[in-house]
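Now for the letters of each chain:
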Amino acid sequence: DAAIGLADADGLDAVTMRRVAELVGTAPMTLYTYVPGKAELLDLMLDTVYARMPRTDTAGQPWRDRAAAVAGENRAMFAAHPWAAEISTGRPPLGPGQMAKYEHELGALDGLGLTDVDLDAALAHLLAFVRSHASDAAAAIAARRASRMDDREWWEVNAPLLARVFDPSTYPTAARVGTAAGEAHGSAWDAEHAWTFGLTTVLDGLDSLVRRRNPGA
């Protein structure tokens, strides 16, 4: 809990065995009697966060709604714990939190006629989108904090420079599309639009896969 709170407040770089020991009121070497090192501590942190995730009961709902609920649960987890998106899960923490999360999330796509290998890959594809979006959202928040300007203010400050160095006739498509996106979002990137567009596109792709594998699904 001390390590999770530290990471939530100051990021993963702030999580050291010495800092955690100070928070729990013990000597750093004492922690090593519980975990071999920081890597194992990060595994425990991530598995604990996984175990505490709310798991929506979507039984009986259409599969797209079930998958969207899984995506939303992970988005909320990353919003509460941005550091979680920075930890590689190629070799996931093999704890009860990870296993409960995996079992719950597979249920969103089970029964659609996919092979077990495709089922695992489909879930990984969905969660990869959520992780990527979470990283982009966290970076946008960090940029606003560092510059002390929101996106609209940043573009207003930098617009004169862009006008001097950017020739629309040389990059006509970039000029047209960039202007349209900027006017629509008030920035180069809007988290909510990116989430809705991206999740819909991912689910459309999975829908195509399901229909190919099981036309009656």
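Scoring rules and cut-offs
- Position numbers for residues start from 1 in each chain and track the written sequence from start to end.
- Local features are withheld for residues below a pLDDT of 70 in this predicted model, meaning they are given only at 70 or higher, and side-chain atom pairs are given and counted only at 80 or more; totals for whole chains, interfaces and linings count all residues.
- Only hydrogens and water are set aside when side-chain values are computed; all heavy atoms of the structure are taken into account.
- What counts as an axis is a line fitted to C-alpha atoms, over the stretch in contact for a helix, and the angles between N-to-C directions run from 0 to 180 degrees.
- For helices the rule is a DSSP run of H or I covering at least 4 residues; for strands it is a run of E covering at least 2, with both sets numbered from the N terminus onward.
- Convention used here: angles under 35 degrees read as roughly parallel, angles over 145 as roughly antiparallel, angles from 65 to 115 as roughly perpendicular, and any remaining angle as oblique.
- Crossing handedness follows the turn of the near helix against the far one: under a right angle anticlockwise gives a left-handed crossing, and clockwise gives a right-handed one.
- By definition, residues are in contact when any of their heavy atoms lie within 4.5 Å.
- In the scheme used here, Gly and all other residues not listed as nonpolar or charged are polar, with Ala, Val, Leu, Ile, Met, Phe, Trp, Tyr, Cys and Pro taken as nonpolar and Asp, Glu, Lys and Arg as charged.
- Given a helix with a known number of residues, its expected span is that number minus one, times 1.5 Å.
- Think of it this way: the bend at a residue is just the angle between two axes, each fitted to seven residues, one set ending at that residue and the other starting at it.

Moving on, we come to the packing of helix α4 (residues 38-52) against helix α6 (residues 96-106). Contact pair α4 / α6: the axes reach a minimum separation of 7 Å and the direction vectors enclose 45°. Taken together, the axes of α4 and α6 are oblique relative to one another. Crossing hand, α4 versus α6: left-handed. Residue-level inspection shows Asp-47, Tyr-50 and Ala-51 of α4 in contact with α6, the latter providing Pro-96, Gly-97, Gln-98 and Lys-101. Partitioning the contact of α4 with α6 into residue classes produces three nonpolar, two polar and two charged.

Across its 15 residues, helix α8 (residues 151-165) extends 20 Å between first and last C-alpha, which sits within 8% of the 21 Å expected from 1.5 Å per residue. Residue Asn-158 marks the point of greatest curvature in α8, where the axis turns by about 45°; the proline Pro-160 follows within four residues.

The residue Thr-58 is located in the loop between α4 and α5 (63-80) in this model. Beyond its immediate sequence surroundings of up to four residues, Thr-58 is in contact with Arg-66 and Ala-69.

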